[in-house]
Amino acid sequence: MLNQDPKLLAFTDSVQDASHRAGFFTARTYHFTFRTALQHLIDERGHVGLPLSQSGAQLLEIAASDGAIWPKTVRDAIATLAPPDVREHSDYDAFVRRRVSEQPSQRFREQFLARLAWEATSEFGMQVSVGRTLESNGASSLLSAGSLITLRRVRPRTRSLRC
């Protein structure tokens, strides 16, 4: 996980309102986590960029191997990068919660990688005008070179802020 500190989320409203807000919070948090992971990957690829078609596989690979800021195992990487609705999937439950095997089933892995690629595509497509996207913040953008569509960093990272 990105942050190992325990969290507490408390509501003083009715159970129904609390349930609604918790669901909203989970969905919103997912997009922030996904955008952070995607931008980290784009930054790692530098000026070469990241082919959009490979974004799902590359995201899972870097999240499962970079122990400094990301989980160290495929299981933890999938748990971190899984959209809220995927957590209801029976294969997700078997792999992440019940720990039936050390690796996800081939079918689930393929579906999960396709979903991650779709999330990356929608971040620069249908979702580009919703919220604080990577493109609207000027962090990264889509570039097209013939049939290859890549994600690239728009501007260098600011090393320090001076007032």
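A short tour of the structure in this document, coming up. (Residues numbered from 1 in each chain as written. Predicted model: local features only at pLDDT ≥ 70, side-chain atom pairs only at ≥ 80, totals over all residues. Heavy atoms only, no water.)

### Quick word on the overall build of the protein
Inclusion rule: Elements are defined by DSSP. Helices are runs of H or I of four residues or more, strands are runs of E of two residues or more, and each kind is numbered from the N terminus. Exposure classes here rest on a 1.4 Å probe applied to the protein chains alone. A residue is buried below 20% of its type maximum, exposed above 50%, and partly exposed in between. Here a residue-residue contact requires only that any non-hydrogen atoms of the pair lie within 4.5 Å. What sets the accessible areas is the Shrake-Rupley method with a 1.4 Å probe; for residues, cover comes only from the shown protein chains.
The helix and strand tally for the protein stands at five helices and three strands. For the protein, the sequential pattern of α-helices and β-strands runs α-β-α-α-α-α-β-β. Per-residue burial for the protein yields a buried fraction of 37% across its 163 residues. A fraction of 50% describes how many contacts in the protein between residues 6 or more apart in sequence connect residues 24 or more apart. Total accessible area on the protein is roughly 10400 Å²; 54% of this is exposed by carbon and sulfur atoms.

### Focus on the pattern of salt bridges
Test applied: For salt bridges, the criterion is a side-chain nitrogen of Lys or Arg within 4 Å of an Asp or Glu carboxyl oxygen.
For the structure shown, the criterion picks out six salt bridges. Here D85 ties to R115 by a salt bridge, and the two come within 2.9 Å at their closest N and O atoms. Linking D85 in the loop between helix 3 (74–81) and helix 4 (90–97) with R115 in helix 5 (residues 106–123), this pair joins segments that are 30 residues apart in sequence. In this structure, D91 engages R107 in a salt bridge whose closest nitrogen and oxygen atoms are separated by 2.4 Å. With D91 in helix 4 and R107 in helix 5, this residue pair connects regions lying 16 residues apart in the sequence. Taking relative accessible area as the criterion, D91 reaches 18% and is therefore assigned buried.

### Some words on the packing of helix 3 against helix 5
For clarity, the threshold we go by: Between N-to-C directions, angles cover 0 to 180 degrees, with each direction set by a line fitted to C-alpha atoms, over the stretch in contact for helices. Should an angle fall under 35 degrees it is called roughly parallel, over 145 degrees roughly antiparallel, and 65 to 115 degrees roughly perpendicular, with every other angle called oblique. Rotating anticlockwise by less than a right angle from the far helix to the near helix defines a left-handed crossing, while the corresponding clockwise rotation defines a right-handed one. The nonpolar class holds Ala, Val, Leu, Ile, Met, Phe, Trp, Tyr, Cys and Pro. Asp, Glu, Lys and Arg form the charged class, and all remaining residues, Gly among them, are polar.
At a closest axis distance of 12 Å, the pairing of helix 3 and helix 5 adopts a crossing angle of 45°. Taken together, the axis directions place helix 3 and helix 5 in an arrangement best described as oblique. By crossing handedness, the relation of helix 3 to helix 5 is classed as left-handed. Contacts between helix 3 and helix 5 involve V74, I78 and L81 on the former and, on the latter, F108, R109, F112 and L116. When its residues are assigned to classes, the contact of helix 3 with helix 5 shows six nonpolar, no polar and one charged.

### Observations concerning helix 2 (residues 55–65)
Counting buried positions along helix 2 yields eight of 11 residues, so the element is predominantly enclosed. Where helix 2 is concerned, the buried positions are S55, G56, Q58, L59, L60, I62, A63 and A64.

### Quick look at the packing of aromatic side chains
Each pair of aromatic rings is reported with the distance of its centres and the angle of its planes. To be explicit about the condition: A pair of aromatic rings is counted whenever rings of Phe, Tyr or Trp (Trp by its six-membered ring) have centres within 6.5 Å, and the orientation is called stacked for planes under 30 degrees apart, edge-to-face for over 60 and tilted otherwise. Charge-over-ring placement is defined geometrically: NZ (Lys) or CZ (Arg) within 6 Å of the ring centre, and within 35 degrees of the ring normal.
Tallied over the full model, the rule gives three aromatic pairs. One aromatic cluster is present, built from ring pairs that chain together Y92, F108 and F112. Above the plane of the ring of F95 lies R75, whose end atom (NZ or CZ) is 4.6 Å from the centre.

### Focus on the nonpolar core
The following threshold applies: For our purposes a nonpolar core is just a set of buried Ala, Val, Leu, Ile, Met, Phe, Trp, Tyr and Cys residues, chained together by side-chain atoms within 4.5 Å.
Among the nonpolar cores identified, the biggest contains 32 residues, and L38, L59, I78, Y92, F112 and L116 are the most heavily contacted of them. Broken down by secondary-structure element, the contributors of at least two residues to this core are helix 1 (15–45), helix 2, helix 3, helix 4 and helix 5. In terms of residues, this core owes the most to one element, helix 1, which gives six residues. Beyond its immediate chain neighbours, meaning those up to four positions away, L38 contacts L50, L59, A120, E123, F124, L134 and L151.

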